[in-house]
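For reference, the chains in residue letters:
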Amino acid sequence: MQTPRVRIVDAVELTPPQSGIRIKGWLRTVRASKQVVFLDVNDGSNMNGLQVVADESLPNAEEIRHLTTGSAVEIVGEIVESPAKGQKVELKAAEVIVLGKADPEYPLQKKRHSFEYLRTIAHLRNRTNTYGAVFRVRSVLAHAIHCFFQDRGFVYVHTPIITASDAEGAGEMFRVSTLDPTNPPRTESGAVDWGEDFFARQAFLTVSGQLNAETFAIGMSDVYTFGPTFRAENSNTARHVSEFWMIEPEMAFYDLDDNCALAEAFVKHLISTVLERCPEDMEFFDQRIQKGLIERLQHVRDSGFARMPYGEAVKALEASGESFEYPVHFGANLQAEHERWLTEKHVGRPVFVTDYPKEIKAFYMRRNDDGRTVAAVDLLVPGVGELIGGSQREERLDVLTATLTESGLPAEVYDWYLDLRRFGTAVHSGFGLGFERMVMYATGMQNIRDVIPFPRTPRHAEF
RNA sequence: UCCGGAGUAGCUCAGUCGGUAGAGCAGGCGGCUGUUAACCGCCGGGUCGGGAGUUCAAGUCUCUCCUCCGGAGCCA
């Protein structure tokens, strides 16, 4: 019977000598000298792969010598102590089976490529050190998110991808339609008759699962969503993609303070998990991608997050003596430069900025007693700025109805949302975290297109 | 969408004052007694992003379009 395949991450931990070990993977480099060939094999399970030593006695020695980078191979042999520096153990090959040769035009070289180039071969880039590490960390973070909430009794709610409502009341959405774009049905006035469309109304890809999550919070208490969301904005930045993943917990009987406490525990859990579970990858990011990354993450993990009302933040910014590109005054949105100054220079650790002017926040956020602010919160962290946005939700029917009208949103579309305030309304809160932003923060990667497998941005939906 | 930068070999880049293009890596062949993104030698490889213009002559100067990158806005 054939011995089972051992993943390389496990093979390198075996105590030598250990014979009959079977691995499968892809060649990163081939180094041939007269008597012996060194193959660096990687199967994606770890950063460094495994060095395979194949000598001239093998029947297909000549084939091995001419193997190309990128080829898929299967190797059976003995794990032995490596006599040379560079690795603790290596695999002395007894048999090398070529599973799939790589054409000589294989575009990944054994040298540094630019991230821009690798984006053009997104179907191959997971075979590089950087992207392999990114996507391992991304996977571990996704799991850590579920663990965090599941361990606290939260219910995972699958909110819909297709929606008829617009959670923010702003932001371009992708239309979902089965009408013939060249010849849509028309009303008597000549407008497109959406009543004839698949859902008998206009429909879009969701920009947020929050409103749906709220319906489950008002009934199941502690819930969260974790799924894809879509924005049709023509944003061309290193921080925006058209399709991204968002985590949105929603909790009944939580006020804004409870909300902040949960967000703080959540961020700390994700950071400590990734530091613990991905030491090899994190070491790589710390050395090659962002110097000091691990220390910065440890600092966030170990420090108490500060809290500061928006009004106080504005005063601090005004008194800072810094020359900002955009002026600060009460009522203005905080710009990226302001957020960075607050968290990096002013408080020197993560900070929750709370109680924003109602004019710059969404309709569903709870109106404060001062009449001018809402119970909103943004978490600002050193290095990236805003990481989390959340709020205590407006639970009073009359107030919510009024703010909905003020926002110019069609009340009939939100009827079900208002029902939550009619039938057993309760104080509740929630927040949203863009998953890719978190992956960027954890890895030090500077472009969001490099932390999602197949990024969708304006003019780009290949692969 | 706005502002700035950049498009030269498969990849990363150099190319001076306008005179028809070069290196490293990758690929092919050979060498090397254990390499570490091995090393050494030889060989093949180019519509200089597209189009137009100026000029005896354009990778180089001008205009224009396209694409990418960075920053900003919007936001997550």
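Okay, so let's go over this structure. (Residues numbered from 1 in each chain as written. Chains lettered and ligands numbered in written order. Predicted model: local features only at pLDDT ≥ 70, side-chain atom pairs only at ≥ 80, totals over all residues. Heavy atoms only, no water.)

1. Side note on the overall build of chain A
Tallying secondary structure elements over chain A gives 13 helices and 15 strands in all. Referenced to the eigenvectors of the C-alpha coordinate spread, the extents of chain A come out at roughly 85 × 60 × 45 Å. The buried share among the 463 residues of chain A stands at 50%. Of the contacts formed within chain A by residues at least 6 apart in sequence, a portion of 67% connects residues at least 24 apart. (Helix = DSSP H or I, 4+ residues; strand = E, 2+ residues; numbered from the N terminus. Buried < 20%, exposed > 50% of the residue type's maximum accessible area, 1.4 Å probe, protein only. Contact = heavy atoms within 4.5 Å.)

2. Section: the sheet that holds strand β12 (residues 351-357)
Across the sheet, eight strands lie side by side as β6-β9-β10-β15-β14-β13-β12-β11; this open sheet has mixed pairing. Both outer strands of the open sheet, β6 (155-156) and β11 (306-309), are each paired with one neighbouring strand and no more. Bridge count between strand β10 (residues 243-252) and strand β15 (residues 428-434): five bridges; the pairing is antiparallel. Within β15, the residue paired with Glu 250 across the bridge is Gly 430. Against the sheet, helix α6 (residues 256-277) makes contact with β10, β11, β12, β13 (373-381), β14 (385-392) and β15, and its axis sits at roughly 30° relative to β15, the strand it touches most. (Pairing = 2+ DSSP bridges. Axes fitted to C-alpha atoms, helices over the stretch in contact; angles between N-to-C directions.)

3. Concerning the nonpolar core
Of all hydrophobic cores here, the largest spans 67 residues; its most connected members are Phe 149, Phe 266, Met 282, Phe 285 and Tyr 441. With twelve residues, the top contributor of residues to this core is helix α4 (residues 129-151). Among the nonpolar cores identified, the runner-up in size contains 33 residues, and Tyr 310, Leu 380, Leu 409 and Leu 418 belong to it. (Core = buried A, V, L, I, M, F, W, Y, C linked by side-chain atoms within 4.5 Å.)

4. Quick notes on empty space enclosed by the protein
A full pass over the atoms with the stated rule returns two cavities of 30 Å³ or more. Considering only enclosed or pocket space, the second largest cavity measures out at about 30 Å³ in volume. As for the second largest cavity, its lining consists of Asn 259, Cys 260, Ala 263, Phe 352, Val 377, Asp 378, Leu 379, Ile 388, Gly 390 and Phe 431. For the lining of the second largest cavity, the secondary-structure elements that each account for two or more residues are α6, β13 and β14. Across the lining of the second largest cavity, the residue classes tally to seven nonpolar, two polar and one charged. (1 Å grid on protein atoms, 1.4 Å probe; cavity = no way out; pocket = protein on both sides within 12 Å on 5 of 7 lines; lining within 4 Å. Points joined across faces, edges and corners; volume = space filled by probe spheres on them. Nonpolar A, V, L, I, M, F, W, Y, C, P; charged D, E, K, R; others polar.)

5. A short note on the side chain of Asp 197
Within the secondary structure, Asp 197 is located in the loop between β7 (162-163) and β8 (204-205). Buried and unpaired, Asp 197 has Arg 175 as its nearest opposite-charge partner, separated by 5.8 Å. When neighbours within four sequence positions are excluded, Asp 197 is seen to be in contact with Val 176, Ser 177, Thr 178 and Leu 179. (Lys, Arg positive; Asp, Glu negative; His and termini not counted. Salt bridge = Lys/Arg side-chain N within 4 Å of Asp/Glu carboxyl O.)

6. As for the sheet that holds strand β4 (residues 72-81)
Ordered by their spatial adjacency, five strands build a closed barrel running β1-β2-β3-β5-β4, and the pairing between neighbours is mixed. Between one strand axis and the next, the sheet turns by 55° as a mean value, whatever way the strands run. Of the pairings in the sheet, the one linking β4 to strand β5 (residues 89-100) comprises ten bridges and is antiparallel in character. By the bridge assignment for β5, Val 80 is matched with Glu 90.

7. Focus on unusual backbone geometry
Residue Pro 17 is reached from Pro 16 by a cis peptide bond, and omega for that bond is -5°. A positive phi angle, near 65°, is found at Phe 253, a position not held by glycine. As for its placement among the helices and strands, Phe 253 is situated in the loop between β10 and α6. Of note, the phi angle at Phe 463 is positive, near 65°, even though the residue is not glycine.

8. Observations concerning the packing of aromatic side chains
The description of an aromatic ring pair uses the distance of the two centres, along with the angle that the planes make with each other. Scanning the entire structure with this criterion turns up 22 aromatic pairs. Between the aromatic rings of Phe 266 and Phe 431, the centroid separation amounts to 6.0 Å while the plane-to-plane angle is 50°, which identifies the pairing as tilted. Of the two residues, Phe 266 sits in helix α6 while Phe 431 sits in strand β15, which places them 165 residues apart along the sequence. Phe 431 matches Phe 266 in its accessibility class, with the two residues each being buried. Here the aromatic cluster, defined as three or more aromatic residues joined through ring pairs, consists of Phe 148, Phe 149, Phe 154, Tyr 156, Tyr 224, Phe 266 and Phe 431. The ring of Tyr 356 has Lys 361 sitting right over it, with the charged end atom 4.3 Å from the ring centre. Residue placement shows Arg 421 over the ring face of Tyr 417; its charged tip is 4.2 Å from the ring centre. (Phe/Tyr/Trp six-rings, centres within 6.5 Å; stacked < 30°, edge-to-face > 60°. Lys NZ or Arg CZ within 6 Å of the ring centre and 35° of its normal.)

9. Quick look at the protein's contact with RNA strand B
Taken together, the neighbourhood of RNA strand B is formed by 51 residues, with Ala 84, Thr 237, Gln 335, Arg 437 and His 460 sitting nearest. When the atoms of RNA strand B within 4 Å of the protein are sorted by group, sugar and phosphate make up 50%. Separating a base nitrogen of RNA strand B from a backbone N or O atom of Ala 32 is a distance of 3.0 Å. Residue Asn 236 places a side-chain N or O atom 3.0 Å away from a base oxygen belonging to RNA strand B. Within the residue set of the surface near RNA strand B, elements represented by two or more residues are β1 (18-32), α3 (115-119) and β10. (Near = heavy atom within 4 Å. Polar contact = N/O pair within 3.5 Å; in protein donor to acceptor, adjacent residues only side chain to side chain.)

10. Here we look at the packing of α4 against helix α13 (residues 435-443)
It is at 10 Å that the axes of α4 and α13 come closest, and there the two elements cross at 120°. Here α13 runs oblique to α4, going by the angle between their axes. For the pair α4 and α13, the crossing hand works out as right-handed. Across the interface between the two elements, Val 134, Val 137, Arg 138, Leu 141, Ala 142 and Ile 145 from α4 touch Phe 435, Glu 436, Met 438, Val 439, Ala 442 and Thr 443 from α13. In terms of residue class, the contact of α4 with α13 is built from nine nonpolar, one polar and two charged. (Parallel < 35°, antiparallel > 145°, perpendicular 65-115°, else oblique. Left-handed = near helix turned anticlockwise from the far one by under 90°.)

11. Regarding the pairing of strand β2 (residues 36-42)
Taking burial as the measure, the seven residues of β2 include six buried ones, the bulk of the element. Here β1 runs beside β2; their pairing, made up of six bridges, is antiparallel. Bridging from a neighbouring strand, Thr 29 pairs with Asp 40 of β2. A loop of three residues connects β1 with β2, the two strands running antiparallel in sequence.

12. Notes on helix α8 (residues 293-302)
Helical periodicity: at 3.6 residues per turn, an α-helix aligns residues three or four positions apart in one direction. Restricting attention to buried positions, one finds in α8 the residues Leu 293, Ile 294, Leu 297 and Val 300. For α8, the arc enclosing every buried residue in end-on projection is 125°, short of the 170-degree limit, so these residues lie on one face. Summarising the geometry of α8, the exposed residues directed more than 90 degrees from the buried face are Glu 295 and Asp 302. Turning to α8, the residues buried within the fold contact α6, α7 (279-289) and α13. (Arc of directions from axis to C-beta.)

The values are spatial; any link to function lies outside them.
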